[in-house]
Amino acid sequence: MERGGSSASRPLFPQGPSFTLDDFSNKDFIVGDFVDSLAEAALPVSRRSGPAHHAFDPKPLIRGFENALTRLGALSEELQERESELLSQVRRAEIQHDQTLETLGRKLDQSMAQFEALDLTLNNPGTTTNGNARTDGGGNIAVQIGEKLEELDRKRRKAQDANFLIQCWMEVTETGQLTSLEEIQRQGGAENKVRCAVIARQLMRISQRLDLASWGQTTNGILGNGITNGVTGTNRRHNTREALEKFSELLEQDLLKQFNNSYRRQNFDDMMECARVLHDFNGGASVIAAFVNQHQFFIDRDQLITDEVTMDGETWDQLADPDSDPPGVEPSLQSLVDEVRIVMQEESFIIKRAFPYYETVLIKFIQRVFQQSIQQRLEMVLDKATTISSLAFLRSLHSSRAYISALVEDLKTHGLTEHPEPCSAQISQTLDQQLEELFVPYLIGNSYIDREKRSLEEMYNSLLFKFTIYHSRRKKAPTGFMAAIAQQGTQLIASAKDAYMERLESSDLTPTQKRTMLRVAGVQDNSSNKNDIEVSEQDGILSVAYAKRMIGWLAESVRRTLEMGSSSETPKDVNVLLNLLLTTMGQVYVETALDAALDQATSQENSKSSEPDLSYLPNLRPAVTITNLMSRFINTVLIRLAESNTTVRRSMEAQSKMAIETTERKANAVMKSTLDVAVNWVTKLLAQQKKADFRPKDNDLEGLVDSLQTPTCQAICTFLSSKVAVCARQAVDGRNLEAFSSELALAVHRLLFEHFKKFQVNATGGLMVTKDIAKYVSTVKEWPLTKEAEQSLELLTEVGYLFIIGPEALRERSRNLASGAAGAAAGGGKKLGKADFKAFVQKREDASSVGVQGVLGGL
C-alpha cells in the first residue's frame, strides 16, 4: 500500500505503512526511528498540527500498528520461502561436491597404483607385475642403456675434442694461426674461454714433443725443419711455440679481464673457473697479482701514503714527557689498522669463494697489506717520533706493536677464510711472521735495549743534574780511609754531570727533547753553562719523590722491554736495566748523599770550638727509604723476570746484594761517626765541669737552691735532647733508632761514671750530683732503649745516692755490691763493683770520718 501523492488528496485516516525487506537490510536501520515513523504516519493530519487541548485518541495508532504487524508477517513468510530455496541449493551443491571428491580419489588411487607398479618394475626387473615370471627388461635395462649412452657421449665428445685438437695443430703448423680457437674465443662465455685454455695447454705439450726446433732442441742431428721423431714431413715454415705463446698470452689477458669483470659483478663461480684455468697456466701468479694489486684498498691507500701523521703538537709533547702517561697509538696508524681489520675479514670471504687455492691468495694479500700499507705508515710514524725525542720513539714503537699485535690476534680469532673457526696453522704462521718482520729492524741484536738504556740515562741525568752539580762543588773532607771509599762515587757524579752537558749540547738533540731535559733538570735554557747554574742546599739532599719518578720511568721501560723483546732475551735485558738502576740511583744518588753526610760527620768528630751541626743526619731517612724502594723493585720485578736464566738471575742477586750492603755500610758509618761526634762533644762539655760545682760554699747556698742542675749538665742535656735525639728520630726509626740510642746511652753512662770519680763532693754538693744524675737519666730515658741500657741508667742513679746518704745506709748498700772488678760496672753491669763503690765514697768530704772509714774498711 502506497502513500498519497499530495496533502490535498490525502485521506483523513491514512493508510497502513509501506516498507520492504530492503528497509531492514539497510545498515542505517534503527528500531526506535522505525517505530516513531509508524506512530507519526498513523495520526491524522488535523491532529498533528492542531491545538494541544484535543483529547488523546489511540485508535489511529492501533490501526497503524495492526497494519504494520500484518505487513511484517507477510515479509516474514517471504523470508522463509527464500531461506528454504537457499537450503535446497546448498544440499544439491554438497552432494555434487561429494561426488567430485569420490571421483578424484579413485583417480588418485589409480595413479598411485600405476606409480608403484612402475617403481616395482624399475627396482625389481626380474618379477612381472603378476609375480609369476622373471624377465631381463625393466629399470635395469633402462639404467644400462643410460650408462651406455653416457659412455658413448663421452667417447663422442672425446673424439670431437681430439679431432678439433688435431685440426688446431694442423692450422698452427701450416698457417701459424689458431683460427678455430680464436673463433671459439670470439663466441665469448666462460666455458668457451676455459675450453680454449685447455686446448692451448694441450697444443703447447704437443709442440714440445713434435716441434722440437721451436724449442731450440735437435732431433737426429738436424736443427730446424726436417725430420721430426723419425718421421719425414714437409718443411715447416711456422714457429708453433711463438704462435701458441702469443695466443696463450692473449687468452690469459682475456681471462684476467673476465676475472675482473666477474669480481665487479660478484660472480664467484666464474671467478673460480678463471682462477683454476690460470693456475694451470702459470701457477695462478697473474690472477693473484691482478686481484691483489688492483684491490681498491691499495689504490686508495697509495693515494694517502703521503699524508702527514695526524697527531697534534700537544700530544707529541705528552708522548715526550716521561711523567705523562703515553697517549696511545698514532691516529693515522690506528685508522689504517682498523681498516685493515675490516678489509681482511671481508676479502677473506671473497677469496675463499673465488679461488680454489684460497690460502695461497690470502697469504699474498696479507703480505701485501703488511709489507706495503702498514709498514710504510709505521715508518712514517716512527720517523716523526724520532724527530721529537728518544722516549717518544720508544713509546710510539711500543704502542704500534701492541695495536698491530691486537690486529693479528683478532684476525686469528676471526678465522678469515676458516670463519667462524680459528685460522689455519699456515695463515697464523704468516700473520706472526709479518708482525715480526715489521719490527725486526728495531729489535735486532741489542739495539732496542740500548735505546731504552740511553733514554733512561738521559732522564736520570736530567733529574739528578742539580744534585750532581751541588755535590761536585761541595768541599771535600780531609783525605782518609772513608774518602778512599767515596772516590768511586765522586767519579760517577762527574761522569753523570758531564754526560748530561754533552748530551744537552749535542747537535742531534731535538728541540722537544732538549726542552724536556731542561724541564726535568729544573734549569733554564740560558743556563746551559754549568758554572752559571745556581744550586741550593735543597738540591743536594735526597728526595723520595725523585726516586719514585725514577722507578716509575724504569717500570715503564721494563714493561716495554717485556712486551717488545723475546722471552729468551728478557733476563739479559733486565740485567742491563738493573745495572743502570744500581749505578744511577744506588751510587750516583744514594751513596753520594751518604758520602756527603759522612764527610760532614767526620769533619766534626774532633770539633772543639763550636757545637756540632747534625743537620746532615735527617738525610739518612730518605736514603734508607729509597734503598728499600729500590730493593723491593729489584726483588719483585727485575729478578723475577730473570728466573728463566739461572746464571743471569744469580748474577743479578749478587749485584743487588752487594749494592744494598754497600749502602747499609755507609749508612752505618754515618751513624757511627755521628755517635763519635756526640760522645766527643759530651766529653768536651764534661771537661768544662768546675770543681767548685760540687763543693759550694755557704754563701752560695741561696743560688744553689734556685738552680736545678749545674751549667755543664744543662748544656749536655740540651745538646742530647734538642739536637742528637731530634736528628736521630728524623734519620732512623724502629730497631735502628733503638740501637743508636742505646749505644749513645751506654757511652754517656761510661763518661758520667768516670766523670763523678774526679770531683770532691761535700754535703751540699751531693745534692747537686744527685740532681745532675737525675737530669742525665731522665733525658736519656726519653729515648727508645734496650734493657741493658736502662739497667745501666739505674746504676747511675745508685751512684748519686752514694754522695748523700749516711754511713749506716752506705754500710747497707755495701752488702749488695758486686764482687767483680770495677770495669764490670763501668761497662754496664747490673751491680756496682767494690772498687767503684770505694772510688765514689772516697770523693765524699766526710770520707775520713770514723763511720765512712768503717764502711770502707768493711769492704
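Going by the annotation in an unreviewed UniProt entry, the name recorded for the chain is Exocyst complex component Sec10-like protein, with Corynascus novoguineensis given as the source organism. Check the Sequence similarities (unreviewed entry) section of the UniProt entry for the chain; it says "Belongs to the SEC10 family."

Enquirer: Got a sec to walk through the overall build of the chain? Specific residues and values, please.
Expert: Per the secondary structure count, the chain includes 34 helices and 0 strands. Per-residue burial for the chain yields a buried fraction of 41% across its 859 residues. Restricting the contact set of the chain to residue pairs at least 6 apart, pairs at least 24 apart contribute 75%. Carbon and sulfur atoms make up 51% of the accessible area of the chain, which amounts to about 47,000 Å² in all.

Enquirer: Let's hear about the UniProt feature "coiled-coil region" (unreviewed entry) in the chain: which residues, and what values?
Expert: Summarizing the sequence annotation, UniProt attributes the feature "coiled-coil region" (unreviewed entry) to residues 65–96 in the numbering used throughout. Between the C-alpha atoms that bound residues 65–96 the distance is 47 Å, and the span itself is 100% helix and 0% strand.

Enquirer: Account for unusual backbone geometry, with residues named and values stated.
Expert: Negative phi values dominate among residues other than glycine, just as trans dominates among peptide bonds. Omega for the bond connecting H419 with P420 falls within 30 degrees of zero, at 5°, which places this linkage in the cis form. Along the chain, the position of P420 falls in the loop between α15 (390–414) and α16 (425–443). Even without glycine at this site, Q266 takes up a positive phi of about 60°. You can see Q266 is positioned in the loop between α8 (240–265) and α9 (268–282). On the basis of relative accessible area, Q266 is assigned to the partly exposed category, the value being 38%. Despite not being glycine, L416 has its phi angle at roughly 55°, a positive value. You can see L416 is positioned in the loop between α15 and α16. Assessed through its relative accessible area of 4%, L416 is described here as buried.

Enquirer: So what's going on with the nonpolar core? Which residues, and what values?
Expert: Among the nonpolar cores identified, the biggest contains 109 residues, and L638, L720, L744 and L832 are the most heavily contacted of them. Among the elements that make up this core, the one with the highest residue count is helix α25 (residues 646–687) (16 residues). Apart from residues no more than four positions distant in its own chain, L744 is found in contact with L675, A678, V679, L720, V724 and W783. Core analysis: the next-biggest nonpolar cluster, separate from the first, contains 83 residues, F247, V277, V292 and L397 among them.

Enquirer: A description of α9 should follow, citing residues and the corresponding values.
Expert: For an α-helix, the turn length of 3.6 residues means that residues three or four places apart are oriented alike. Between its terminal C-alpha atoms α9 stretches 21 Å, which fits the 21 Å expected from 15 residues at 1.5 Å a residue. For α9, the full list of buried residues reads F268, D270, M271, M272, C274, A275, V277 and L278. A positive phi of about 75° marks G283, the residue just after α9.

Enquirer: A description of the confidence of the model for the chain should follow, citing residues and the corresponding values.
Expert: Of all residues in the chain, 84% attain a pLDDT of 70 or more, and the chain-wide mean is 83. Contacts for the low-pLDDT stretch residues 1–13, under 50 throughout, to residues beyond four places or in other chains number 13 contacts. Per-residue pLDDT stays below 50 along residues 221–235; that stretch engages in 17 contacts with residues further than four places along the chain or on separate chains.

Enquirer: If you had to explain the environment of Q376 to someone new, which residues and values would you point to?
Expert: In this fold, Q376 is placed in helix α14 (residues 358–386). For Q376, a relative accessible area of 30% puts it in the partly exposed group. Linking Q376 and L438, residues 62 residues apart in sequence, is a C-alpha distance of 9.9 Å.

Enquirer: Describe the packing of helix α10 (residues 285–293) against α14, naming the residues involved and giving the relevant values.
Expert: For the pair α10 and α14, the least separation of the axes is 10 Å and the interaxial angle reads 40°. Here α10 lies oblique to α14, going by the angle between them. α10 and α14 meet at a crossing whose hand is right-handed. Contact residues: I288, F291, V292 and N293 in α10; T360, V361, K364, F365 and R368 in α14. Each residue belonging to the contact of α10 with α14 can be placed in one class, and the counts come to 5 nonpolar, 2 polar and 2 charged.

The rules behind the values
- Residues numbered from 1 in each chain as written.
- Predicted model: local features only at pLDDT ≥ 70, side-chain atom pairs only at ≥ 80, totals over all residues.
- Heavy atoms only, no water.
- UniProt positions renumbered as here; feature names shortened; annotations may be inferred.
- Helix = DSSP H or I, 4+ residues; strand = E, 2+ residues; numbered from the N terminus.
- Buried < 20%, exposed > 50% of the residue type's maximum accessible area, 1.4 Å probe, protein only.
- Contact = heavy atoms within 4.5 Å.
- Areas by Shrake-Rupley, 256 points an atom, 1.4 Å probe, with all protein chains shown as cover.
- Core = buried A, V, L, I, M, F, W, Y, C linked by side-chain atoms within 4.5 Å.
- Expected span 1.5 Å × (residues − 1).
- pLDDT = per-residue confidence, 0-100.
- Axes fitted to C-alpha atoms, helices over the stretch in contact; angles between N-to-C directions.
- Parallel < 35°, antiparallel > 145°, perpendicular 65-115°, else oblique.
- Left-handed = near helix turned anticlockwise from the far one by under 90°.
- Nonpolar A, V, L, I, M, F, W, Y, C, P; charged D, E, K, R; others polar.

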